[in-house]
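The primary structure of each chain is shown beneath.
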Amino acid sequence: MASGPFYVISVVLAIAGAAKLRRPEPTVRALGTVGSPILVRLLGLGELAVAIAALSMGAQHVGWLVAGVYLVFAGWSWIRRTSSCGCFGSDAEVGAVHIAANGASALVALVAVATSVPGLYQALAANWATAGSLLAGVLTGAAAIVLLLNRSRSPISPVTSFRVLETPGLENPGWMERLMERTAHAAQTAVSRRAFLGRAALVGTALAVHPGRYLLRPGTAYAAICDCQGLDCACGSLCCDGYTEFCCTIYGENSCPPGSIAAGWWKADGSGFCDVDGVPQPRYYIDCNAECTGGCTCVNGFCDSSCVFCTCECGNGECGNRKACCTKFRYGQCNQDTTCIGPIVCRVITCVPPWVWDPSCGTTSATDNHTAFHDAACLHVEPDPSEFAPGGVPVLGDWNGDGTATPGIFRDGAWYLSNSLAGGPPDLVFAHGQSGDIPVVGDWNGDGRDTVGVFRSGVWFLRNENSAGPNDIQFRFGDRGDIPIVGDWSGDNIDTPGIVRAGIWHLRYSLTSGLAEHSFPFGLPTDYPLAADFNGDGFASPGLFRDGTWYVRNRNDFGPPDLQFAYGEAGDIPLVGKWMNEAPALPLIVRAAEWHMRDSLSTGPGTLKLSYGTRANAPATR
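Residues numbered from 1 in each chain as written. Predicted model: local features only at pLDDT ≥ 70, side-chain atom pairs only at ≥ 80, totals over all residues. Heavy atoms only, no water.

Novice: Explain the overall build of the protein chain to me, please; I cannot follow it from the model alone.
Specialist: Along the backbone of the protein chain there are 14 helices and 27 strands. Buried residues in the protein chain amount to 52% of all 622 residues. A fraction of 56% describes how many contacts in the protein chain between residues 6 or more apart in sequence connect residues 24 or more apart. Summed over all atoms, the accessible surface of the protein chain reaches about 25,900 Å², with 56% contributed by carbon and sulfur. (Helix = DSSP H or I, 4+ residues; strand = E, 2+ residues; numbered from the N terminus. Buried < 20%, exposed > 50% of the residue type's maximum accessible area, 1.4 Å probe, protein only. Contact = heavy atoms within 4.5 Å. Areas by Shrake-Rupley, 256 points an atom, 1.4 Å probe, with all protein chains shown as cover.)

Laid out in C-alpha cells, this is it:
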C-alpha cells in the first residue's frame, strides 16, 4: 500500500510550508525579483494547508493536489539545479536528488489516489495495535527526506545558518536540525540518536533509489534496497524482493500452518486467476502471522522473534523462494482479539473473500495490485480422485424421479448410474466433468430428479439432465480445497450449494455466484460432512461421519448433535439418501465395491447389501 509513503510526503510538505513561514528569506532570494516575504509566507501557508488536508482527509480528496504541488516542486528544482531553491527555509543546493525526490513524491501521491489511501487518523484508528509503529515510520521517513535534501550548503549564501551534514552527529545545529532531532526522539524513543539517523538515512535511500519497491508492500527500507536474509543471493532473487513466500511452498498446504493465525489480508485485481466466465474477480492474499508463546513482551503489537516457532530465512532456505517469518507487519482485519503476534510466516491465496474463508476476518479492504501475478505451482494442484478412489467416487441420487435413491460412480469425468438397488451394470453412462473434479448430485430445478454436477476449484458446473452436454448452470462458490455439499436448505425442493472448510459450514440459497448466506461451525476439519433431510421436515441439515460414528443435527446452526450412532468403521465411505420410500434420508457405507445400507438412523448392522462398481476407497472430498 502507498499509505505510509503518502503520509511521509504529506508531513514533508507540512515541514516545507512551516519552514517558509518561519524563515522566508532563502526562498525570497531564490525567486529573485518576483520574491517577497509576504508571497513566500503565502506559499508556505498554502503548502501547510494542503498537507493538513492530506493527512486529515486522505488521498481520495486531495491526493491530486499533493501530486500537483510536488510536480511544481520537481519543475522548480529542475530550473534551479546547481543553485538554491530556498527549500525548507535554507540555501541548500538543488541537485538530482531534489528532482528525483519531488518526482517520486508526485508518483506516491498518484498511487495513493488510485488506492484511496485514507486520512492518517483513520489509518491509525483501524488498528491501534500497530498505530505506534506506523506513526514512528512516518516521522522517520519525513526526517530522512528532509535530511537528505538538505545535505549540502550552497556557496552563494554566506549568511545561511544551515550547516553541512557531514557525520551522523550534528554540530552546532540550526532550527531544522533541531526539528529533525525532536522528530527522532518522538519516533524512536528507545533508539540511540546515531541509530535513528542511520535508519532515517536508510529510509531516505530506499525512497530515492527504489521508490517503487518501498511503496508496494509492508517491509523495511533495507528490504526495499536488497535484503536476502543473510544468504548469498542476487538482489534479483525472490528472497530479496521484500514479500513473503506462499504457505503451500513451505508447508505443502494453502492454509495457515499450526502455530500461526490469519492476521490480515489484501486483494489484487486484474490477475485473471479468479475470473468466472470472463468476468474479472479479485484475488485475495491472507497473511499468516506467527503466534507468540507465553511470557513474551509485546512492542507495538509484535513479540520478539525468539518467541515464535519459525526463523527468518528464505523460504526452505532457497534464494528462489521469497522470505518467510521475517516481516513484522499487520493489515489487521483478522483475529483482532489477538493483539500480539509475530512476523508473517507465509501467505495464503484464495479466490474466496477472506471473511468467508475465515469468519474472524473483517471486510475492510486493502489493495496491492503489484502482487497480482505472484504465483506458485503448488497453488494450482488439484486433488486427484484416483489417489483416494481408484475405482471411482461413489454417489447416491434419485436419477429417474421414482422416489428412491440408487447408486452411481464418478470416475475420470465419466458417470455410471444405476436406477435400481439390485446391483449389476449401470443404466446410464455419459461424460460430464474431467479427471480431478469432485462430483456433486442434486435436484437443481425442482423436477423431482437428481442430476449430476462437478466442483472444480470453487466453480460449480451443473447439468439438469443425466447426459453429456454443456453446463446448464455455472457459478463460483467456494475455493480450491473446500469440501462441497448439497442440500435443500430452504425447503423449496431445489438443492443449492454449501461448502465445508475447517469445520465451518457455509451455505448459499441460490445457484449463483456470491458469498455464503449462512455460516456456522459443526464438526472437526477431519470429519466427513454430509447433508440430508434426516427428520423428514423438508429441510436439509448437516451430518458428520467420524471413524464409524455418525453425528446428525436437525438444524443449520451451531450446537451439539441431535442424534449420534455407530454404523461402519474407519476407512468406509459414508453416503446418505432416501433409498426407502416414505422414510427420511438413511445412512449407507461403501466398502470396496460393497454398498451396505441401514434402514434407520441407529446403531446396528446393514439391512441391505449390494455390489456396484469396482474398488472405492476414500472419496475425493477428503
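Novice: What's the story with a nonpolar patch on the surface in this structure? I'm lost.
Specialist: Together, Ile38, Leu42 and Leu45 give the surface a local cluster of nonpolar side chains, amounting to about 330 Å² of exposed area. Tracing the backbone through its elements, the reader meets Leu45 in helix H3 (residues 37-57). Looking at Leu45, the relative accessible area reads 47%, which means it is partly exposed. (Patch = residues over 30% accessible without salt bridge, like charges linked within 9 Å, V, L, I, M, F, W, Y side chains within 5 Å. Salt bridge = Lys/Arg side-chain N within 4 Å of Asp/Glu carboxyl O.)

Novice: What exactly am I supposed to notice about the packing of aromatic side chains here?
Specialist: One pair of aromatic rings is described through two measures. These are the centre distance and the angle between the planes. Following the criterion strictly, the structure yields 17 aromatic pairs and no others. With centroids separated by 5.7 Å and ring planes inclined at 55 degrees, the aromatic side chains of Trp265 and Trp355 adopt a geometry described as tilted. Of this pair, Trp265 sits in strand S1 (residues 260-268) while Trp355 sits in helix H13 (residues 354-357); the two residues are 90 residues apart in sequence, bridging distant segments of the chain. Grouped by ring-pair contacts, the aromatic residues Trp266, Tyr285, Phe329 and Tyr331 constitute a single cluster. The lysine or arginine in question, Arg283, covers the ring of Phe273, its NZ or CZ lying 4.0 Å from the ring centre. Here the guanidinium or amino end of Arg456 rests over the ring plane of Phe461, the centre of that ring lying 4.5 Å away. (Phe/Tyr/Trp six-rings, centres within 6.5 Å; stacked < 30°, edge-to-face > 60°. Lys NZ or Arg CZ within 6 Å of the ring centre and 35° of its normal.)

Novice: What is the right way to read the sheet that holds strand S21 (residues 541-546) from this model?
Specialist: By definition, the strands of a sheet pair up through backbone hydrogen bonds, in either a parallel or an antiparallel sense. Read across the open sheet, the four strands follow the order S20-S21-S22-S23; overall the sheet is antiparallel. The sheet is open, and its two edges are formed by strand S20 (528-532) and strand S23 (563-566), each paired on a single side. Strand-to-strand twist of the sheet, defined as the mean angle between neighbouring strand axes without regard to direction, takes the value 20 degrees. Two elements, strand S22 (residues 549-552) and S23, share four bridges in a ladder whose sense is antiparallel. Looking across to S23, one finds that Thr549 is bridged to Ala566. (Pairing = 2+ DSSP bridges. Axes fitted to C-alpha atoms, helices over the stretch in contact; angles between N-to-C directions.)

Novice: Would you take a moment to explain the packing of helix H1 (residues 3-22) against helix H4 (residues 59-79) for this structure?
Specialist: In helix packing, the relevant descriptors are the interaxial angle and the interaxial distance, both defined with respect to the helix axes. Viewed as axis vectors pointing N to C, H1 and H4 meet at an angle of 60 degrees, and their least axial separation amounts to 11 Å. What the angle tells us is that H1 and H4 run oblique. Considering how the two elements wind past one another, H1 and H4 form a crossing that is left-handed. Residues Phe6, Ile9, Val12 and Leu13 of H1 pack against Ala59, Gly63, Val66, Val69, Tyr70 and Phe73 of H4. Of the residues that constitute the contact of H1 with H4, the class distribution is nine nonpolar, one polar and no charged. (Parallel < 35°, antiparallel > 145°, perpendicular 65-115°, else oblique. Left-handed = near helix turned anticlockwise from the far one by under 90°. Nonpolar A, V, L, I, M, F, W, Y, C, P; charged D, E, K, R; others polar.)

So yeah, pure geometry; function would need other evidence.
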